[in-house]
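Overview (structure and organization)
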Amino acid sequence: MSETADQIATVIDLTNQLEVHINMALSQCLVPVSPEYGFLRETLFHNLCLGFGAKVRLLQRILDYWDWKDIKLDKFHKLMGLRNAFAHTPTTKRVLLVGVDPDTGEHHALGSQLVVDRKYKTYWQEVQRSEALQDFQAAYGGCLAIVEEIANRIEKTIAQPVALPDEK
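Let me sum up the structure you'll find in this document. (Residues numbered from 1 in each chain as written. Predicted model: local features only at pLDDT ≥ 70, side-chain atom pairs only at ≥ 80, totals over all residues. Heavy atoms only, no water.)

1. Observations concerning the overall build of the protein chain
Looking only at helices and strands, the protein chain features five helices and three strands. Looking at the protein chain as a whole, 32% of its 168 residues are labelled buried. Sequence separation of at least 24 residues holds for 61% of the intrachain contacts in the protein chain that already meet a minimum separation of 6. Surface summary for the protein chain: the accessible area is close to 11100 Å², and the carbon and sulfur share equals 55%. (Helix = DSSP H or I, 4+ residues; strand = E, 2+ residues; numbered from the N terminus. Buried < 20%, exposed > 50% of the residue type's maximum accessible area, 1.4 Å probe, protein only. Contact = heavy atoms within 4.5 Å. Areas by Shrake-Rupley, 256 points an atom, 1.4 Å probe, with all protein chains shown as cover.)

2. Some details on the pattern of salt bridges
Tallying each qualifying case throughout the model produces four salt bridges. Between Asp-67 and Lys-69 there is a salt bridge; the shortest N-O distance is 3.3 Å. Taking the relative accessible area as the measure of exposure, Asp-67 reaches 48% and is therefore partly exposed. A residue is classified by how much of its surface remains accessible, and Lys-69, at 59% relative accessible area, is exposed. (Salt bridge = Lys/Arg side-chain N within 4 Å of Asp/Glu carboxyl O.)

3. Some remarks on the side chain of Lys-55
Within the element layout of this structure, Lys-55 appears in helix α3 (residues 52-65). A polar contact is formed between the side chain of Lys-55 and the side chain of Glu-19, at a distance of 2.7 Å. At a separation of 2.9 Å, a polar atom in the side chain of Lys-55 contacts the side chain of Asn-23. Not counting residues within four places of it along the chain, the set of residues in contact with Lys-55 comprises Glu-19, Ile-22, Asn-23, Leu-26, Phe-45, His-46, Asn-47 and Leu-50. (Polar contact = N/O pair within 3.5 Å; in protein donor to acceptor, adjacent residues only side chain to side chain.)

That's the geometry; what it means functionally is another story.
The structure is reproduced here in structure tokens:
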């Protein structure tokens, strides 16, 4: 497999792993009421029913509901943008590197580098694939830490079942 294909596979795989962690955190908000809970949970959070972006919006709603303003989801937007850049930029896209000969002032080709188109709100920028992968991996680590913090807070916030007075 080529380095480019390895990079794309890494981005897609890590995004899928992060989605599993999001699913587990969101599942903590649901109370099992039937033996079919596992099936229903898997179906509800399957990416064919609820996409990654929608799950991030659910996380934001949880943050808003419990007023957890100290947690920001900016890293998720960066991660999603980079994931899309890897998924949608042709694997052969290159930028020609041109240099100027200091003696003659003539331009000449130095080589080329594989790039991804990194989209921002009002423009896009061509970024070296290796740099974009490093940015993605940093965003992934930040997102994973955020999901773990949200899951911990959900676990502490949602009331646990307690015995009723006449059940003692």
